[in-house]
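# Working through the structure, step by step
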Amino acid sequence: MAKRILILGVGAQGSTVAKRMNEEADVAEIVCADCDPKAVDALVADLDKATGARVDARDKAGIVAAARGVDLIVNGLPLAWHGNVLDAALEVKAHYQDFAATDALAGDWIESIRVLYDVYGPKFKAIDRTAIVGTGSAPGLICAASRRAVRELDVCETINNIVFEGVEAKRFLPFWWSPVTALTDMGERAYAVRDGALIRTEPFDLPIKRFYDYMGLDAPVTLTEHSHDEPVHYWFNRETFFKGVKNVSFKYGGAGVEFAKPLYRAGLLSKQAENVNGTEIVPFDLVLSHVPPAPKYKEEIEAILEEGLVTDTGCMVVEAYGKKDGADVMVEVHVFAPGLADSFARAGLTAEMYLTGQGGALFTKLFVEDRYTQKGLISSDMLTDEQVDRYFELAAELGIGIRTEIRRV
Amino acid sequence: MKAFVLGAGGQGGPCASILARDKEVTEVVLGDINPDAAARVAEKIGGGKIKTVKADAAKADEIAACARGADVLFDMVIPEFSPHVLRAALDIGAHYVSTAFDQPFWEELIYGRPLTLDKELKEANLTAVMGCGMAPGFINVITKHYTDRLDTVESVKLRIAKKKLGVEEMLAPWNPGWSPRQALLDCAEPAYFVENGKITETAPYSGLEVYDFPPPIGPAQVTHHAHEEPLTLAYSIGKGLQYCDFKYYLSPQPAAYVTAGLASTAPVRIGGAEIRPIDLLVKLLPKSENAFLNEDPDRYVQADKEQFVCLMSEIRGTRNGRDKTYKIHMPKLTANGGKLRELFGTSLIHVALPAVIAAKMALAGTKKGLVFPEELDAADFLKRFLDTGIPYEWHEM
């Protein structure tokens, strides 16, 4: 039966999922909802299956009203409102999908994720529905790639999730997504797993260097610790989905990192007020006021491309170290996706929007195809092998490919 | 020579140290607004020649009173005080040497105006050598040494890069090694270069290119940087100079601050508060420390293995009707720290030693008035420099 989908939040991620689902024969209706009616109207005007709704995410009743009768809620809202959306999905008995694990369900992010698994999981199971969290590119696509890598091992010792974002415009544009989110992530202590324990590490610390010839660079790139969801999810699921992994790191690099590192070093990403000559000022606010927003509209992206790029490269790699048939091996899964120029040519999107939005849309497509057999709440690293394979089959149709290499170490 | 050194910081200390060990120098007075700092520097230098005094670089009268009787006044404070210090030198009839300079001299060079106090210095038969440290300074002299061999000079490209081998200290905040505020202002200022024989303004961090430095630095990104050399070389070299620039290696930390507008002195409103971004940034960055006082001789050998500085001067022109290019490599001036310490009491002589050489040339008799390093006799300068015993070589590539 054709599905009805509510897209909550029509920013870069939500609008991309909406556009992609508009092309699906098995999707009957897409309800596009946001607190910004102009954004809703603009999106609805482009989609023949879409209707619009104005929803204030602070009001659960408003979400429930918009969600009544839908099969799936795709939550593209800021993390703070996820509790309302989860509760609304339970109330209308809808499936649920989001792009990152919320920190709003408990005082601490880890506890909030535990609440997702342990409290919301049983609730979704009780209504025979599936909720899947963390379904963009990272987390999301990279989690599926990690599962693909671990499949090749009997025992997994270490996983490195490596992301380098090397799309750099000639104009000053350090981030291709929300600067608030980017700078907040950059300023936080990272999460990592060491010897089976979840620990915090210093951002920009513990550098590794990698050289991948397909990036077209002369020298290795440097990747450092970065606060992200993946090590946390893998830690929760280390025995059930990651073959007992003991060490997990998220390693990040690129133009945004190079920009943010000196700011962090100087204390400019701090949210604690400083007194400067009698004036109280929060360093983070000062920095934020000087960073341009990410480009969103086609005309903006086109102008950036016309001005020219310094680099248009990147990589997403999973390294999984462990044992296979008694031997020490390393499995490397490389994800290949369109760069900025290619993403814009294909879909009028930035590479960031393309990979995150399309990566998310593929998880939605698994719903449309009724591929989720799990009931309850899962994260994107908890797919079955069949779901992972189907995910990458669908990804290939969008120009997102993977290459798996297995080496003895 | 009786010397007055104003500024007991990272350059003033080495300058006083070199002078205190020089047989031609009979007295060194070290002045600083912070007399305790001056006393600590004097104590480290030791010997009987050095005295200290409190002196405010913003007050020409006070400087003159402290420095009276000196043959040479060494200006080792930040460049915004240069006019006051220069005035004091003129007032007491002393020669003057600085290692950097700023306004009003920059504008005077850019717009071809008479140079401040040049006429008065000439009338007093005094020499003021402006900007004679390492760069500007030593690099100008080396450049002149080679342009002297040419009939025409088409272009001069100056390049500086640094590299630290081994594991980078990923979490250390930016520390330029001297005044963070002044370093940030330098990075944020428009740069000047010579194009088609004319001085041209360009944005900071413009003109990005990859320059191939000798190993172990290798290829490095460099950009235009506000510096004195293109202005003075355009003023002094002649020989039809068409192009001259100064490009500095791209250090990501100040680049990020400047690019994001965080080194700006223009007030901005954040919420209800108004602030100059540079004020917050300087408050957060580590305070400048006195490298001279904190110098660690046990690190000399390791520093030579790990830390590299490279100055390049690439000069194109003609000689006897034929094209000629010189590419001069000037390695780190502070290498062989042990030997330098034996000679000068410190390894940190890269800025101070060229200044001392310039002072000696001023005393011996050279052009009067405001003089830039390349206007000194390059061969004489380099002979005096090497005659100090410094184990240093530059290379033609």
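Residues numbered from 1 in each chain as written. Chains lettered and ligands numbered in written order. Predicted model: local features only at pLDDT ≥ 70, side-chain atom pairs only at ≥ 80, totals over all residues. Heavy atoms only, no water.

With that settled, consider the sheet that holds strand 17 (residues 376–379) of chain A. All names here are of chain A. Reading across from one edge, 3-2-1-4-5-6-17 is the order of the seven strands in this open sheet, with parallel pairing throughout. On the outer flanks of this sheet lie strand 3 (50–54) and strand 17, each paired with one strand and no other. Strand-to-strand twist across the sheet, computed as the mean angle between neighbouring axes with direction ignored, equals 20°. Here strand 2 (residues 27–34) runs beside strand 3; their pairing, made up of five bridges, is parallel. When the sheet's bridge partners are listed, Ala 33 is paired in strand 3 with Ala 53. Relative to strand 1 (residues 3–8), helix 3 (residues 60–67) is tilted by about 150°, and along the sheet it contacts strand 1, strand 2 and strand 4 (72–75). Those strands touched by helix 5 (residues 109–126) are strand 5 (95–98), strand 6 (130–133) and strand 17, and its axis lies near 135° from that of strand 17. (Pairing = 2+ DSSP bridges. Helix = DSSP H or I, 4+ residues; strand = E, 2+ residues; numbered from the N terminus. Axes fitted to C-alpha atoms, helices over the stretch in contact; angles between N-to-C directions. Contact = heavy atoms within 4.5 Å.)

This brings us to the interface of chain A and chain B. Of the residues lining the interface, 29 residues belong to chain A; the matching set on chain B comes to 26 residues. Together, the buried faces of chain A and chain B total about 2400 Å²; carbon and sulfur atoms form 73% of this surface. Contact with chain B buries surface across chain A, with Arg 265, Leu 286 and His 290 of chain A losing the most and accounting together for 28% of the total. Linking chain A with chain B are one salt bridge, by the criterion used here. The interface formed by chain A and chain B contains three residue pairs in polar contact (both at pLDDT 80 or more). The residue inventory of the side of chain A that touches chain B, partitioned by class, reads 15 nonpolar, seven polar and seven charged. (Buried area = accessible area lost by both parts, 1.4 Å probe. Salt bridge = Lys/Arg side-chain N within 4 Å of Asp/Glu carboxyl O. Polar contact = N/O pair within 3.5 Å; in protein donor to acceptor, adjacent residues only side chain to side chain. Nonpolar A, V, L, I, M, F, W, Y, C, P; charged D, E, K, R; others polar.)

Quick look at the domain arrangement of chain B now. The extent of an interface is frequently quoted as the accessible surface area lost upon association of the parts. Residues and elements named next belong to chain B. Domain assignment breaks chain B into domain 1 (2–133 + 339–396) and domain 2 (138–337). In this structure, domain 1 and domain 2 have C-alpha centres spaced 22 Å apart. If you look at the interface, domain 1 gives 45 residues, while domain 2 gives 41 residues. Approximately 3900 Å² of surface area, both sides summed, lies buried where domain 1 meets domain 2, with 66% of it carried by carbon and sulfur atoms. (Domains from an automatic or database assignment.)

Before going further, it helps to spend a moment on the sheet that holds strand 3 (residues 50–54) of chain B. Residue and element names in this part refer to chain B. The strand order across the open sheet built from seven strands is 3-2-1-4-5-6-17, with neighbouring strands paired in parallel fashion. Only two strands of the sheet have a single neighbouring strand rather than two, namely strand 3 and strand 17 (369–371). Averaged over neighbouring strand pairs, the angle between their axes works out to 20° when direction is ignored. Pairing of strand 5 (residues 95–98) with strand 6 (residues 127–129), which is carried by two bridges, proceeds in the parallel orientation. Directly across from Val 97, in strand 6, lies its bridge partner Val 129.

Moving on: the nonpolar core. By size, the foremost hydrophobic cluster in this structure holds 152 residues, and its most contacted members are Ile 73, Ile 159 and Leu 268 of chain A together with Tyr 257 of chain B. It is helix 13 (residues 351–368) of chain A that provides the largest number of residues to this core, a total of 10 residues. Residues contacting Leu 268 of chain A, with those up to four places away along its chain left out, are Leu 263, Pro 283, Phe 284 and Val 287 of chain A together with Tyr 257, Leu 262, Leu 280, Leu 281 and Leu 284 of chain B. Residues Met 1, Val 28, Cys 132 and Met 361 of chain B belong to the second largest nonpolar core, which totals 69 residues. (Core = buried A, V, L, I, M, F, W, Y, C linked by side-chain atoms within 4.5 Å. Buried < 20%, exposed > 50% of the residue type's maximum accessible area, 1.4 Å probe, protein only.)

It is worth spelling out the side chain of Asp 34 of chain A at this point. Residue and element names in this part refer to chain A. As for its placement among the helices and strands, Asp 34 is situated in strand 2. A polar side-chain atom of Asp 34 sits 2.7 Å from the main-chain amide nitrogen of Val 10. Sequence-distant contacts of Asp 34, defined by excluding residues within four places in its chain, comprise Gly 9, Val 10, Gly 11, Val 40, Ala 53, Arg 54 and Val 55.

The next point concerns the environment of Gly 12 of chain B. Residue and element names in this part refer to chain B. Tracing the chain through its elements places Gly 12 in helix 1 (residues 12–20). By relative accessible area, Gly 12 is classed as buried at 0%. The sequence separation of Gly 12 and Asp 32 amounts to 20 residues, and the corresponding C-alpha distance is 9.3 Å.

Right, let's talk about the side chain of Glu 152 of chain A for a bit. Residue and element names in this part refer to chain A. As for its placement among the helices and strands, Glu 152 is situated in the loop between helix 6 (141–150) and strand 7 (155–169). Assessed through its relative accessible area of 18%, Glu 152 is described here as buried. Separated by 2.7 Å, the side chains of Glu 152 and Arg 148 make a polar contact. Glu 152 has contacts with Lys 324, Val 331 and Ile 406, leaving out every residue within four places of it along the chain.

For the structure on display, the rule yields 51 salt bridges over all chains. As a salt-bridge pair, Arg 390 of chain A and Glu 369 of chain A come within 2.6 Å of each other at their nearest N and O atoms. Taken together, the residues Arg 390 of chain A in helix 14 (residues 385–397) and Glu 369 of chain A in the loop between helix 13 and strand 17 connect sequence positions 21 residues apart. The residue Asp 118 of chain B makes a salt bridge to Lys 122 of chain B at a minimum N-O spacing of 3.0 Å. Taken together, the positions of Asp 118 of chain B and Lys 122 of chain B, both in helix 6 (residues 118–123) and four residues apart, correspond to about one turn of that helix. Salt bridges linked by common partners bring Arg 147, Arg 151, Asp 385 and Asp 389 of chain A together as one network.

Bringing the environment of Asp 389 of chain A into the picture now. All names here are of chain A. When you line up the elements, Asp 389 lands in helix 14. Counting along the chain gives 233 residues from Asp 389 to Cys 156, while the straight-line C-alpha distance between them is 20 Å. Beyond its immediate sequence surroundings of up to four residues, Asp 389 is in contact with Arg 148 and Arg 151.

Residue and element names in this part refer to chain A. What the rule picks out here adds up to 29 aromatic pairs over all chains. Geometrically, the ring pair formed by Tyr 96 and Phe 124 is tilted, given 6.2 Å between the ring centres and 40° between the ring planes. In this pair, Tyr 96 is assigned in strand 5 and Phe 124 in helix 5, connecting sequence segments 28 residues apart. By the burial criterion, Tyr 96 is buried, and Phe 124 matches it. Feature note: the residues Phe 172, Phe 175, Trp 177 and Phe 259 constitute an aromatic cluster, connected by ring pairs. Positioned above the aromatic ring of Tyr 120 is the side chain of Lys 123, whose terminal nitrogen or guanidinium carbon lies 5.1 Å from the ring centre. (Phe/Tyr/Trp six-rings, centres within 6.5 Å; stacked < 30°, edge-to-face > 60°. Lys NZ or Arg CZ within 6 Å of the ring centre and 35° of its normal.)

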